[in-house]
Amino acid sequence: MGQNSESALANEQYQTINDLQSALDAYQINNNGNYPEKLTDLLGTTRDWSNEKVTNIPQDIVTGKAYIYQRSETGYTLTYEMPEDGTFLFAGEFKEGTNTATEHFISEESARETDEDEDGISAYDEVLIYHTSDYMQDSDGDGYGDKEEIDAGYDPAESSYDTLR
Ligand SMILES: [Ca+2]
Ligand SMILES: [Ca+2]
């Protein structure tokens, strides 16, 4: 397969996962914070950003098989494949091969390796552990970098009480 068709595949996979994520999001908002047990439960769900209802559950664009979806205690995981060489369009957003979408990330695998603001803390840790931004080295804007605050035992997401010396 040539690079063009692979990036077309990657692009379609991206759009499809994105759509499923917003449908999952809309579903849990309408169902007391609970995600569906299976993807087919999404049928009839109206996405927040449009008035369109979900009328069919797509299959994995790359493998042609059903997406692997699982509800978990903390949300959900949605596993899908990205084609070789198809990910260059989305540098830093996906990995080649198996990726896992969650309520926080379109690819958890990629988020673990991404450090957009180059402060030494991965996007994954910034969001799930520190509640900071991977686009700002000083997320709470108090003049001290996230990494610096974490290393010194301060909360990088809360500027009110912390003072570094
Ligand atoms: Ca970072
Ligand atoms: Ca700070």
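Residues numbered from 1 in each chain as written. Chains lettered and ligands numbered in written order. Predicted model: local features only at pLDDT ≥ 70, side-chain atom pairs only at ≥ 80, totals over all residues.

### Structural notes on the overall build of the protein
For the protein, the count of helices and strands is four helices and three strands. The N-to-C order of helical and strand elements in the protein reads α-β-β-β-α-α-α. On the principal axes, the C-alpha backbone points of the protein span a range of 55 × 45 × 25 Å. The 165 residues of the protein split such that 25% are buried. Partitioning the intrachain contacts of the protein with sequence separation of at least 6 by distance along the chain shows that 31% fall at a separation of at least 24. (Helix = DSSP H or I, 4+ residues; strand = E, 2+ residues; numbered from the N terminus. Buried ≥ 20, exposed ≤ 12 C-beta atoms within 10 Å, placed from the backbone. Contact = placed C-beta atoms within 7 Å.)

### Observations concerning the sheet that holds strand E1 (residues 68-72)
In spatial order, the strands read E1-E2-E3; together these three strands make up an open sheet with antiparallel pairing. Among the strands making up the open sheet, the edge pair consists of E1 and strand E3 (97-101). Going from strand to strand, the sheet's axes swing by 20° on average, the running direction of each strand aside. Taken together, the five bridges between E1 and strand E2 (residues 75-82) define a ladder with antiparallel strand orientation. Across the sheet, the residue bridging to Gln70 is Thr77, located in E2. (Pairing = 2+ DSSP bridges. Axes fitted to C-alpha atoms, helices over the stretch in contact; angles between N-to-C directions.)

### Section: unusual backbone geometry
Note: most residues except glycine have negative phi, and most peptide bonds are trans. Phi at Asn32 takes a positive value of approximately 50°, unusual for a residue other than glycine. Looking at where Asn32 falls in the secondary structure, it is placed in the loop between helix H1 (3-30) and E1. The exposure class of Asn32 is exposed, given the 6 C-beta atoms found within 10 Å. One non-glycine residue, Glu118, lies in positive phi territory at about 50°. On the secondary structure map, Glu118 appears in the loop between helix H2 (108-113) and helix H3 (123-130).

### Remarks on the domain arrangement of the protein
By domain assignment, the protein separates into domain 1 (5-111) and domain 2 (115-165). Using C-alpha coordinates to define each centre, domain 1 is positioned 29 Å away from domain 2. (Domains from an automatic or database assignment.)

### Quick word on H3
All buried positions along H3 are accounted for by Ala123, Tyr124 and Glu126. Next to the buried residues of H3 lie H2. Looking one or two residues beyond H3, the residue adopting positive phi is His131, at roughly 55°.

### Some words on the nonpolar core
Looking at soluble globular proteins, one finds that nonpolar side chains tend to be buried together. In terms of nonpolar packing, the biggest core is built from 20 residues, with Ile17, Leu20, Ala23, Leu24, Leu42 and Leu78 touching the most fellow members. Breaking this core down by element, the ones donating at least two residues are H1, E2 and H3. Top element by residues in this core is H1. It accounts for seven residues. Among residues more than four places away in sequence, those in contact with Ala23 are Leu42, Thr45, Arg47 and Val54. (Core = buried A, V, L, I, M, F, W, Y, C linked by C-beta atoms within 7 Å.)

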